[in-house]
Amino acid sequence: MSQQKKHLQSIRVSHEKHTSACETQVMPVPDTVCISMSQHIGAPCKPLVKKGDYVKVGQPIGDTDAFVSAPIHSSVSGTVTGIEGIRSVMGGEDQAIVIETDKKQEVWEEIKPPEVNSREDFVKAIRASGLVGLGGASFPTHIKYNPQNIDEVDTLIVNGAECEPFITSDHRLMLENPQEIIDGCVIVMEQLGLKEGYIGIEENKQDAISLLNKMLAEQNHPEIKTVTLRARYPQGAERVLVYEVTGKTMNAGVLPAQLGVILSNITTIAFVGQYFKTGRPLTTKRITVDGSAVTEPKNIIAPIGTSIADIIAFCGGYKAEPKKILMGGPMMGRAIFSDRTPLVKNNNAILAFAGAQAIIPEETGCINCGKCHKACPFKLLPTAFATAYENKDADRLNQLQIMQCMECGSCSYVCPARRPLGFINKLSKAFVKEEANK
Amino acid sequence: MEKQYYDNLVVSSAPHAVSNVDTTKVMGTVLVALVPAFAVGIYQFGYKAAVQTILCIAACIVFEWLFNALMKRKQTVGDLSAALTGVLIAFNIPASLPYWMSIVGCFVAIVIVKQLFGGIGQNLVNPAVTARIVLFISFATEMTTWPIPRGAGATDATTGPTPLGILSEGGGQMPSNLDMFLGNIGGCIGEVSALALLIGGIFLIWRGIISPIIPVCFLGTVFVLALIVPGQDPIFHLCAGGLMLGAFFCATDYVTSPIMPLGKVIFGIGCGILTFVIRVYGAYPEGVSFAILLMNILTPHIDNFCTSRAYKKGGGKE
């Protein structure tokens, strides 16, 4: 199946996919891991272990009763040496469990493939796996797979649009573990009673598209189709992908399920496929390591909780002093302040930059060129947001539909005056919420 | 060995990448697009055309640099916008204009119209267009004394009328449409060759620097009006005066034209109507710069109209 004829506005970004031919290497277990208790949107987990405990691979070490949450498992076998406060990527303080590894990687005895006889079992099993949205949002998957209007949902959309520059981990997954993706689709569609499945992949990954097409045909899955998407940014954004695949407009605040769609990242789906075969919870992550400061850019599978410094060391270390390190891609990733920061579930790339890419460009005056308006997938007017935000005018921001902004950053990317429009949009949204609560 | 950690990394909000098109590159591309018209200007009017253009560029850059230095503002001469204003002023004056008058024009454009309103992006009206109007009203004789273009063939006279002057006041031989298209006519340095300006304009559209909406609506409106009004030649009107220069290079100035597509349509049609009305019914032979100036003034209102139409409070967008 090919894409919709009409497209949302999008931008061209420099792809920089240097690692697309790098076969994934499994990183050896580091000496210590630091596993954050806050690896999903929602309530943080409480530690289930204490200092001195011996833990094994796949053993739950953090959980909570809160509705929006997912348990956290040990990625290594070893001894808990402490429960510490760490500075999170978001800037707050999180609890984290530090484990000194014994390198034996003994697997927890209770790991076995889940038995599923009903949708309830399925949702429970997904929660037990610790799965969260692996595309970056880290929303607990079991909640997503249990919408209130499940009877009205009939379509699965798998997000294989890796539109961020540099990142190739999803691409490598499609080439190296296509069976897990297909298995995951089959399981989710069967358990949730979905009739159609679409795997959206950008046209710059023809090898992955043809491989999946071939396997889907061989295994006789006419209900699952690949959809070739344009290699533009932000093709992988939820609201953009839903439109490009189904033609349905998804406004902010609307859930995919309300449009009859369940949407999952391709890594999330592949994990489901793997999990129902082996029962191994989410303890490792495939990531792309790249950037001008990295000696040997590559794709690796690393234990969750590994520090960025250890990951870079496995990639040959820094070849130049890093000035800026990103968790995620350059468009939506987060800049971290220290390379002690541990890997979390939703990371899909570590990018370390030296020199030019680390410099924040100097802002100059708006020349009213309208490029931000032409770049915005929802035809918003970022330059007008900026003026309204400077005037602290919440009414005007609302009138201009600030809440429709999904913070894709396209406006900042194209701005010839180098204005941080995406950042201003985030501030504006926070400001509008604050004003509404007054 | 103790591990070395980096704890002092640069933190900023996403995105962490920008496109390679910055303001300097935008302005530079427009300058490149003006090269064909510059070449025709030098061919038709000789070395004086080159001297005027270089003088105007230099004057604009110096005024901008001085103003920024005096006001202790960040230097903005590097963004090439002052250089572009200089070229556009030169293109809007006759090659024979006394140099000091050109410099007065540059002062008006850079200091009065642009910097006193806050510098790049803050001006309400197009600096070059306004400078032209100020010069035109202040130095009416010098601004309407046109050197004979080389392409018009040998003649004893040193000055002659422009086609629009002939249309307005009579006297003289009207050039053929082909001569007007190529630029073998009297006029300002950069406005004579419709062909050269068209090449530059299409280049800008191809490079994505300008949207075709304003030029198409502007030129289309003039064309249609000339078609409707008896006794007017549409092709003549398209090639005459500063229309091509105005439509592609002055009316499309980002700062002083609307941002939304609908606004650009309104702006372009407005420019077209005003130009035609002034040319045919007004006291002045040429109306492009007045039309653009008047529509510049309306631009904030056009933008307001279009945004409130596009983003209705409470309702969804289209």
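All figures in this text were calculated on a predicted structure; none of them were measured in a lab. (Residues numbered from 1 in each chain as written. Chains lettered and ligands numbered in written order. Predicted model: local features only at pLDDT ≥ 70, side-chain atom pairs only at ≥ 80, totals over all residues.)

### Concerning the overall build of chain B
No. 1: Across its full length, chain B holds 15 helices and two strands.
No. 2: In terms of principal-axis extent, the alpha carbons of chain B reach across some 90 × 50 × 35 Å.
No. 3: Relative to its full complement of 318 residues, chain B shows a buried share of 51%.
No. 4: Pairs at least 24 apart in sequence give 72% of the contacts found in chain B among residues at least 6 apart. (Helix = DSSP H or I, 4+ residues; strand = E, 2+ residues; numbered from the N terminus. Buried ≥ 20, exposed ≤ 12 C-beta atoms within 10 Å, placed from the backbone. Contact = placed C-beta atoms within 7 Å.)

### Some words on helix α13 (residues 243-250) of chain B
Two residues of an α-helix separated by three or four positions point the same way, owing to the 3.6 residues in each turn.
No. 1: Where burial is concerned, most of α13(B) is hidden: eight out of the eight residues are buried.
No. 2: Considered for burial, the residues of α13(B) that qualify are B:L243, B:M244, B:L245, B:G246, B:A247, B:F248, B:F249 and B:C250.

### Observations concerning the nonpolar core
No. 1: Ranked by internal contacts, the top residues of the largest apolar core, which has 176 residues, are A:C185, A:F385 and B:C60.
No. 2: A domain-level breakdown of this core finds at least three residues from each of domain 1 (119-278) and domain 2 (371-437) of chain A.
No. 3: If we ignore the near neighbours within four places in the chain, the residues touching A:F385 are A:L397, A:L400, A:I402, A:I424, A:N425 and A:S428.
No. 4: Formed by 47 residues, the second largest nonpolar core is a distinct cluster that contains A:C34, A:V289, A:V294 and A:A302. (Core = buried A, V, L, I, M, F, W, Y, C linked by C-beta atoms within 7 Å. Domains from an automatic or database assignment.)

### Examining the sheet that holds strand β10 (residues 196-202) of chain A
Residues and elements named next belong to chain A.
No. 1: Here we have four strands laid out as an open sheet, ordered β11-β10-β9-β12, and parallel in their pairing. Every other strand in the sheet has two partners, leaving β11 (224-229) and β12 (261-265) as the edge strands with one partner each. Going from strand to strand, the sheet's axes swing by 25° on average, the running direction of each strand aside.
No. 2: Across six bridges, the pairing between strand β9 (residues 155-160) and β10 is parallel. Residue T155 lies in a different strand from β10, and its bridge partner there is E196.
No. 3: The strands touched by helix α4 (residues 178-192) are β9, β10, β11 and β12; relative to β9, the strand with the most contacts, the crossing angle is about 155°.
No. 4: Strands in contact with helix α7 (residues 266-278) are β9 and β12; relative to β12, the strand with the most contacts, it is inclined by about 90°. (Pairing = 2+ DSSP bridges. Axes fitted to C-alpha atoms, helices over the stretch in contact; angles between N-to-C directions.)

### Topic: the interface of chain A and chain B
No. 1: Contacts between chain A and chain B engage 50 residues on the former and 33 residues on the latter.
No. 2: Elements supplying a minimum of two residues to the side of chain A that touches chain B: β15 (324-327), β16 (334-336), α12 (410-414) and α13 (421-437) of chain A.
No. 3: Of the residues assigned to the side of chain A that touches chain B, the class counts are 28 nonpolar, 14 polar and eight charged. (Nonpolar A, V, L, I, M, F, W, Y, C, P; charged D, E, K, R; others polar.)

### Some words on the pairing of strand β8 (residues 93-101) of chain A
Two faces make up the sheet, and in a regular strand the side chains alternate between them.
All names here are of chain A.
No. 1: Inspection of the sheet shows strand β2 (residues 32-36) paired to β8 by five bridges, in the antiparallel sense. Looking across to β8, one finds that T32 is bridged to E100.
No. 2: Note: strand β7 (residues 78-87) against β8, nine bridges, orientation antiparallel. Each bridged residue has a counterpart across the sheet, and for G78 the counterpart in β8 is T101.

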